[in-house]
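Breakdown of the fold
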Amino acid sequence: MHTNTLLHPLALRRAEPSDLPGVLRLLADTAEWLYTQGVRQWPRGGFGPERIEPLIEERVLYLLDDELRYLDPDEAAPPVATIALDDHADPEFWTPADDPGAALYIHKLAVARPWAGSGLGDALLDWAGAAAYAAGLPLLRLDCAKLNPRLQDYYRRRGFRHVRTVDLPHRSSGALFQRLSEDVPTTAFRDLTIAELISV
């Protein structure tokens, strides 16, 4: 585990409307880094607010915060990581034969560059798999860039199976992956969404 995660307590929570600028900055930074790696999965410069605001409104976008940032109220630090998790199967990728309702779907997974290599991506994937399991769904799914073998290999190492690649000319994504959901506890961060679910 990276030193950052040992020295900085982290917490996962749902994104709020006020988080939009920080999320957009994190996704833009990630998109720019992808471009430097020759990967064209996301638009250069990141996503416009019209793509992210609905995820916040639907309460399906989650942020991983460095809790120490709250000690400095003047610092508008972006989140450490973000992930969207919902039941929205992209109809261009997942067909009725795939039983789209049998899974939760990961979107917009990004870890801030200073935290890269810290295992937070792994921990968020495990959290998402546990959320699917808790929802009674057998599968966790995602799609990623067709021309990013390094990312595809990462998902394979994390237990995902390549289902197929859908090659649509207007989509850079299309490599479809899934793995079985399972109840895997994570110790990398505090899950503040649990208290929210209990209080509902």
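Scroll up for the structure.
Residues numbered from 1 in each chain as written. Predicted model: local features only at pLDDT ≥ 70, side-chain atom pairs only at ≥ 80, totals over all residues. Heavy atoms only, no water.

**Side note on the pairing of strand E3 (residues 81-86)**
Within a regular beta strand, the side chains point alternately toward one face of the sheet and then the other, so they alternate between its two faces. Just so we agree on the cut-off: Each residue is placed in one exposure class: buried if its accessible area under a 1.4 Å probe, protein chains only, is under 20% of its type's maximum, exposed if it is over 50%, and partly exposed if it falls in between. Going along the chain from the N terminus, every DSSP run of H or I of four or more residues is numbered as a helix, and every run of E of two or more is numbered as a strand. Any two strands are treated as partners once DSSP identifies two or more bridges connecting them.
Summarising burial for E3: six of the six residues are buried, a large majority. Here E3 shows no split at all, with Ala 81, Ile 83 and Leu 85 on one side and Thr 82, Ala 84 and Asp 86 on the other all buried. As defined by bridge partners, strand E2 (residues 61-66) adjoins E3 across four bridges and the pair is classed as antiparallel. Residue pairing across strands places Leu 64 opposite Ala 81, the latter belonging to E3. In this structure, E3 lies alongside strand E4 (residues 103-111), joined through five bridges in antiparallel fashion. Opposite Leu 85, over in E4, you have Ile 106 as the bridge partner.

**Section: unusual backbone geometry**
Positive phi outside glycine occurs at Asp 99, with the angle close to 55°. Checked against the element boundaries, Asp 99 lands in the loop between E3 and E4. Looking at Asp 99, the relative accessible area reads 45%, which means it is partly exposed.

**Topic: the nonpolar core**
Here is the rule we go by: We define the nonpolar core as a collection of buried residues of types Ala, Val, Leu, Ile, Met, Phe, Trp, Tyr and Cys that are connected through side-chain atoms lying within 4.5 Å of one another. Throughout, a residue-residue contact means that at least one pair of heavy atoms, one from each residue, lies within 4.5 Å.
Among the nonpolar cores identified, the biggest contains 51 residues, and Ile 52, Ile 106 and Phe 189 are the most heavily contacted of them. Ile 106 has contacts with Ile 83, Ala 84, Leu 85, Leu 125, Ala 128, Leu 140, Arg 141 and Leu 142, leaving out every residue within four places of it along the chain. One finds Trp 94, Ala 103, Val 166 and Leu 176 within the second-largest nonpolar core, a separate group that totals seven residues.

Honestly, it's all geometry; don't read function into it.
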